[in-house]
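# Structural characterization, general
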Amino acid sequence: MKDRIYLSKTSSITSIDNNFIEGESISRFEKSLEVYFENKKHIVALNSGTSAIHLALILSGVTEGDEVLCQSFTFVATANPILYQKANPIFIDSELDTQNMCPYYLEEAIKSRIEAGKKPKAIILVHLYGMPAKIDEIASIAKKYDIILIEDAAEALGSHYKEQKCGTFGNFGILSFNNNKIITTFGGGALICNTLKEKDKAVFLATQSKDKAVHYQHSEIGFNYRMSPFLAEIGNEQLSKLEEKIQKHRDNNLFYQTLFKEIKGVTLLKEFNLDWFSNHWLTCIFIDNNIANFTSDDLRIELEKDNIEARPQWKPMHLQPLFKDSIYFGGNNAEVLFKKGLCLPSGSCLSREEKERIKKSILKVIPQK
Ligand SMILES: *Cc1c(COP(=O)(O)O)cnc(C)c1O
């Protein structure tokens, strides 16, 4: 048959053949990710991790007025999609071993909301900075109360717990390929599903919910959330370098471990025991200024003077003006981590010379013996 003549086809601005890009690229990237997840999962490539969380909530049946349990200590993208659905977030504190959702407060929250006649619809757990959460405990709580578990693994591609990859424990998992993440498509994300049926539904929703018809027919709300095929090509290329990138992030972590080894009052976020494997997306330190006689701000400002970026850890969601009316279960762990924690330069392109600069700068605030 002759080549098809299309209704509206824009000539490509690059030298790349349109047909090559359009037809295969997305499914090729999805296949590569499925292979990465040992062919046990169905992957949907999307335009962001945030869209993936939004679709996970829709597929979980979360609608207006529902409650969703969500880790408070995280980036706002974890929680925003709850608002897109006009649902209510219930925020949960972190524990200090992994800095992720505290299983104790999670169960307290579930019991309390059930007592109030409002059983939560879903749990959104985060593997922050690449560190796997206490997933065994949380998954068993989700199972015990029959609540859907969504894993935000935006920062944790390549991390695993007891040899099982982050993003594969729950009913849904999500990944991000934003510029700052472990691999990038310069904006992108993925939804990890357990069944092909869920994947098909997610693709349907992500492409404006087009019913089967010759004309455009719609019976439910849809979104423009699909990944650009062009970016899927980049994703494929990036995924082939994942192991190499993880190794670099872990080397960076080792560099900081060595640097702070003898410094009293400074602790690193570490793998809790051998069950934990973190991609160490970002290395974070915790500075107890009563012992260390400098604060995380002192160190951040010193680094800034040398044109080195460091940033406080996430400001918890329950302390954000946006969520001032939301319910919160927990103590002050997340708040203390925000006040005393600091994220240090951890990218996979960090050179030896740059590490030397960082070391010199850090040593300026540390009292020499
Ligand atoms: C980056 C990130 C997201 C969102 O990903 P985008 O692709 O930027 O939409 C969600 N959760 C966490 C924890 C993140 O770090």
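Residues numbered from 1 in each chain as written. Predicted model: local features only at pLDDT ≥ 70, side-chain atom pairs only at ≥ 80, totals over all residues. Heavy atoms only, no water.

## Digging into the domain arrangement of the protein chain
Along its sequence, the protein chain is carved into domain 1 (24-239) and domain 2 (242-365). For domain 1 versus domain 2, the separation of C-alpha centres amounts to 25 Å. Counting from both sides, the interface comprises 46 residues of domain 1 and, opposite them, 38 residues of domain 2. Summing both sides of the interface, domain 1 and domain 2 together bury roughly 3,800 Å²; the carbon and sulfur share of this comes to 66%. Three residues, F91, Y129 and I182, lead the burial of domain 1 against domain 2; their summed loss comes to 21% of the area buried on that side. Counting the contacts that link domain 1 with domain 2 gives 0 salt bridges. On the surface where domain 1 and domain 2 come into contact, there are 23 residue pairs in polar contact (both at pLDDT 80 or more). (Domains from an automatic or database assignment. Contact = heavy atoms within 4.5 Å. Buried area = accessible area lost by both parts, 1.4 Å probe. Salt bridge = Lys/Arg side-chain N within 4 Å of Asp/Glu carboxyl O. Polar contact = N/O pair within 3.5 Å; in protein donor to acceptor, adjacent residues only side chain to side chain.)

## Notes on the state of the cysteines
Counted under the stated rule, the structure contains 0 disulfides. There is no disulfide at C166, and the cysteine sulfur nearest it, in C284, is 15 Å away. Lacking any disulfide linkage, C349 is separated from the closest cysteine sulfur, that of C343, by 17 Å. (Disulfide = S-S within 2.5 Å.)

## A word on the site of the ligand
Every one of the 15 residues lining the ligand counts as a neighbour, but T50, D152, E155, S176 and K181 are closest to it. T50 places a polar side-chain atom, nitrogen or oxygen, 2.5 Å from an oxygen atom of the ligand. Contact between the ligand and E155: an oxygen atom at 2.5 Å from a side-chain N or O atom of the residue. Considering the ligand on its own, with 380 Å² of exposed area, one finds that the protein chains cover 93% of that surface. Residues belonging to the shell around the ligand are distributed by class as follows: 4 nonpolar, 8 polar and 3 charged. (Near = heavy atom within 4 Å. Areas by Shrake-Rupley, 256 points an atom, 1.4 Å probe, with all protein chains shown as cover. Nonpolar A, V, L, I, M, F, W, Y, C, P; charged D, E, K, R; others polar.)

## Re the sheet that holds strand β6 (residues 160-161)
Taken together, 3 strands build an open sheet; the order of strands is β7-β6-β11 and the sheet is antiparallel. Lying at the two open borders of the sheet, with one neighbouring strand each, are β7 (164-165) and β11 (276-277). Bridging between β6 and β7 involves 2 bridges; their strand directions are antiparallel. Residue pairing in the sheet places H160 in a bridge with K165 of β7. (Pairing = 2+ DSSP bridges. Helix = DSSP H or I, 4+ residues; strand = E, 2+ residues; numbered from the N terminus.)

## Looking at the pairing of strand β9 (residues 189-193)
The element β9 is extensively covered by neighbouring structure, given that 5 of its 5 residues are classed as buried. Residue alternation in β9 divides its side chains into two sets, G189, L191 and C193 and A190 and I192, and both sets are buried. Across 5 bridges, the pairing between strand β1 (residues 42-46) and β9 is antiparallel. Counted as the bridge partner of L46 is G189 from β9. The pairing of strand β8 (residues 172-176) with β9 spans 5 bridges and is classified as antiparallel. When the sheet's bridge partners are listed, S176 is paired in β9 with G189. (Buried < 20%, exposed > 50% of the residue type's maximum accessible area, 1.4 Å probe, protein only.)

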